[in-house]
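# Structural characterization, general
Chain by chain, the residues:
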Amino acid sequence: MENKTAVTALAALAQETRLSLFRALVQAGPAGLAAGKISEMLRIAPSSLSFHLKELAHAGLIESRNESRFVIYSANFAAMNQLLAFLSENCCGGHDCLPAARPACPQAE
């Protein structure tokens, strides 16, 4: 991952609503959540939700798909794992960190 890509992803997450939104999508797993369900869960107005979803999508952290008349959003686990790997690259000078780092998310595999 390049610095510019990491900065874009971190900037997208550096806002309380977007961070909560991304975490909700991570918890939902690959099945994702419909926009209306996200709005209801996080108590975000649809117009604000649209703005925040756009920012996360621009950063490559979420994906969307159409299912019938719904738009389903899900976390991009591969991008999340790439960001985590970038942030922890060469962690602790190549030695095991204590406590041991958690493995990458298996959803991306």
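Residues numbered from 1 in each chain as written. Predicted model: local features only at pLDDT ≥ 70, side-chain atom pairs only at ≥ 80, totals over all residues. Heavy atoms only, no water.

### Section: the nonpolar core
Condition: Joining through side-chain atoms within 4.5 Å is the link that ties buried Ala, Val, Leu, Ile, Met, Phe, Trp, Tyr and Cys residues into a set, and such a set is a nonpolar core. Note on exposure labels: buried denotes an accessible area under 20% of the residue type's maximum, exposed denotes more than 50%, and partly exposed covers the range between, all computed with a 1.4 Å probe on protein chains only. Helix numbers and strand numbers start at the N terminus; a helix is a DSSP run of H or I with at least 4 residues, a strand a run of E with at least 2.
Core analysis: the largest hydrophobic core is formed by 21 residues, its most contacted members being L21, F22, L25, I38, L56, L61 and I62. Contributing elements (two or more residues each) for this core: α1 (3-13), α2 (16-28), α4 (46-58), β3 (70-75) and α5 (77-88). Counting residues per element, this core draws most heavily on α1, which supplies four residues.

### Things to note about the sheet that holds β3
What counts is decided by this rule: Pairing between strands is defined by DSSP: at least two bridges between the two strands are required. Any two residues whose heavy atoms approach within 4.5 Å are treated as being in contact. Between N-to-C directions, angles span 0 to 180 degrees; the directions come from axes that are lines fitted to C-alpha atoms, helices contributing only their stretch in contact.
Read from one edge to the other, the open sheet built from three strands follows the order β1-β3-β2, with strand pairing classed as antiparallel. Two strands lie at the open edges of the sheet, namely β1 (33-34) and β2 (62-67), each paired on one side alone. Relative to β3, β2 runs antiparallel, the two being bridged by six bridges. When the bridges of β3 are listed, N66 appears paired with V71. Along the sheet face, α2 touches β1, β2 and β3 and points at about 90° away from the line of β3.

### Things to note about a nonpolar patch on the surface
Applicable threshold: Like-charged residues within 9 Å of one another, or nonpolar side chains (Val, Leu, Ile, Met, Phe, Trp, Tyr) within 5 Å, are grouped into patches, provided each residue has over 30% relative accessible area and no salt bridge. Surface exposure here means Shrake-Rupley accessible area, sampled with a 1.4 Å probe, where a residue is shielded only by the protein chains that are shown. The salt bridge definition used is simple: a Lys or Arg side-chain nitrogen within 4 Å of an Asp or Glu carboxyl oxygen.
Together, L10, L84 and L87 make up a nonpolar patch on the protein surface, roughly 270 Å² of accessible area in all. Among the secondary structure elements, L84 is positioned in helix α5. Residue L84 is classed as partly exposed on the basis of its relative accessible area of 44%.

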